[in-house]
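Descriptive analysis of the structure
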Amino acid sequence: MRVHIADHQLISHKLTYLRDKRTDSPTFRRLAEELVTLLAYEATRDVRVEPFAIETPVAPTTGIKLANPKPLVVPILRAGLGMLEGMMRLLPSAEVGFLGMMRNEETLEAITYANRLPEDLSGRQCYILDPMLATGGTLVDAIRYLADRGADDITAITLLAAPEGIVHVTDALKDLKVPVQLVTGAVDERLNDRGYIVPGLGDAGDRLYGVV
Ligand code: URA
């Protein structure tokens, strides 16, 4: 897995406010969206394009446009939903599929409880949105899910990642033929014994939407 850690003062500035426990949900949601738009800029560097002939007021020329099939953006429910608007702002013609995953708080394993995705993802570039790469269990399952349906290029965008999670995802996907990339806002110190990222930002879903 190719890993890109954002190295940008504006991203670090916004992440600091996101982490702060005094930040309320409306501000947290706005910051998460802004951060995703900045991360998406890097994540879509290799988005597939095709030539596109146009005429400017001065002369004919050939530019580029997004190729078909259009990229597929896949937020992991629930917390990934908080990243969708920010992503679509940069990639408005992308299609959106949904994957509902949660982790068993005892085993920390990921459970898939819902999916709304095209059956056939052949030739699709997919962008998975999940704010926290903690143990990496959810991300491994999501990536395999998309690759099994034919996705041939997968990028995960996370706001934060734990070193243990990056190692786990890299090891678990060693046999995968599909290229996988991670773009993250920061890599934190570690996971605690409850599987939370330290220092992290707490439970991203709760901070976005409140506790259910
Ligand atoms: N999920 C979260 O929301 N926060 C963490 O720290 C780890 C997983």
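Residues numbered from 1 in each chain as written. Predicted model: local features only at pLDDT ≥ 70, side-chain atom pairs only at ≥ 80, totals over all residues. Heavy atoms only, no water.

1. With respect to a nonpolar patch on the surface
Among the surface-exposed residues, V3, I5 and V187 lie close enough to one another that they form a single nonpolar patch of about 200 Å² accessible area. Residue position: I5 is located in strand β1 (residues 2-5). (Patch = residues over 30% accessible without salt bridge, like charges linked within 9 Å, V, L, I, M, F, W, Y side chains within 5 Å. Areas by Shrake-Rupley, 256 points an atom, 1.4 Å probe, with all protein chains shown as cover. Salt bridge = Lys/Arg side-chain N within 4 Å of Asp/Glu carboxyl O. Helix = DSSP H or I, 4+ residues; strand = E, 2+ residues; numbered from the N terminus.)

2. Quick look at the side chain of R124
On the secondary structure map, R124 appears in the loop between β7 (110-116) and β8 (125-129). For R124, a relative accessible area of 8% translates into the label buried. Of note is the side chain of R124, whose polar atom sits 2.9 Å from the side chain of E95. The contacts of R124, once residues within four sequence positions are left out, are R48, P69, K70, P71, L72, E95, A151, D152 and D153. (Buried < 20%, exposed > 50% of the residue type's maximum accessible area, 1.4 Å probe, protein only. Polar contact = N/O pair within 3.5 Å; in protein donor to acceptor, adjacent residues only side chain to side chain. Contact = heavy atoms within 4.5 Å.)

3. What about the site of the ligand?
Near the ligand the following residues occur: R103, M132, A134, G195, Y196, I197, G202, D203 and A204. Here I197 contributes a backbone N or O atom positioned 2.8 Å from an oxygen atom of the ligand. G202 places a polar main-chain atom, nitrogen or oxygen, 2.8 Å from a nitrogen atom of the ligand. Relative to its free-state accessible area of 240 Å², the ligand is covered by the protein chains to the extent of 89%. Of the residues in the shell around the ligand, the class split is five nonpolar, two polar and two charged. (Near = heavy atom within 4 Å. Nonpolar A, V, L, I, M, F, W, Y, C, P; charged D, E, K, R; others polar.)

4. Considering the pattern of salt bridges
Following the criterion strictly, the structure yields 14 salt bridges and no others. A salt bridge links R124 to E95; the nearest nitrogen and oxygen atoms lie 2.9 Å apart. Placement of R124 in the loop between β7 and β8 and of E95 in strand β5 (residues 95-96) is noted, with a sequence separation of 29 residues between them. Its salt-bridge partner being D171, residue K174 comes within 3.2 Å of it at the nearest N-O pair.

5. Examining unusual backbone geometry
Leaving glycine out, the prevailing phi sign among residues is negative, and the prevailing peptide bond configuration is trans. Here the amide bond leading from N68 into P69 is cis, since omega sits at -5 degrees, within 30 degrees of zero. Structurally, P69 can be placed in the loop between β3 (60-66) and β4 (72-77). R78 follows L77 through a cis peptide bond whose omega is 5 degrees. Here R78 shows up in the loop between β4 and α3 (84-90).

6. What to know about helix α2 (residues 25-43)
For α2, built from 19 residues, the straight-helix expectation of 27 Å at 1.5 Å per residue is met to within 8% by its first-to-last C-alpha distance of 26 Å. Those residues of α2 that fall on the buried side of the exposure criterion are F28, L31, A32, L35, V36, T37, L39, A40, E42 and A43. (Expected span 1.5 Å × (residues − 1).)

7. Observations regarding the nonpolar core
One finds L18, M87 and L159 to be the most contacted residues of the largest nonpolar core, which totals 36 residues. Elements with a minimum of two residues in this core: α1 (9-19), α2, α3, β8, β10 (153-161), β11 (180-187) and α6 (204-209). Examining the composition of this core, we find that eight residues originate from one element, α2, more than from any other. In this view, L159 contacts L15, L18, A32, L35, V36, L39, M83, D130, P131, T184, G185 and A186; residues no more than four positions away in its chain are not counted. Counting 27 residues, the second-largest nonpolar core is a separate cluster that includes V74, C126, I143 and A156. (Core = buried A, V, L, I, M, F, W, Y, C linked by side-chain atoms within 4.5 Å.)

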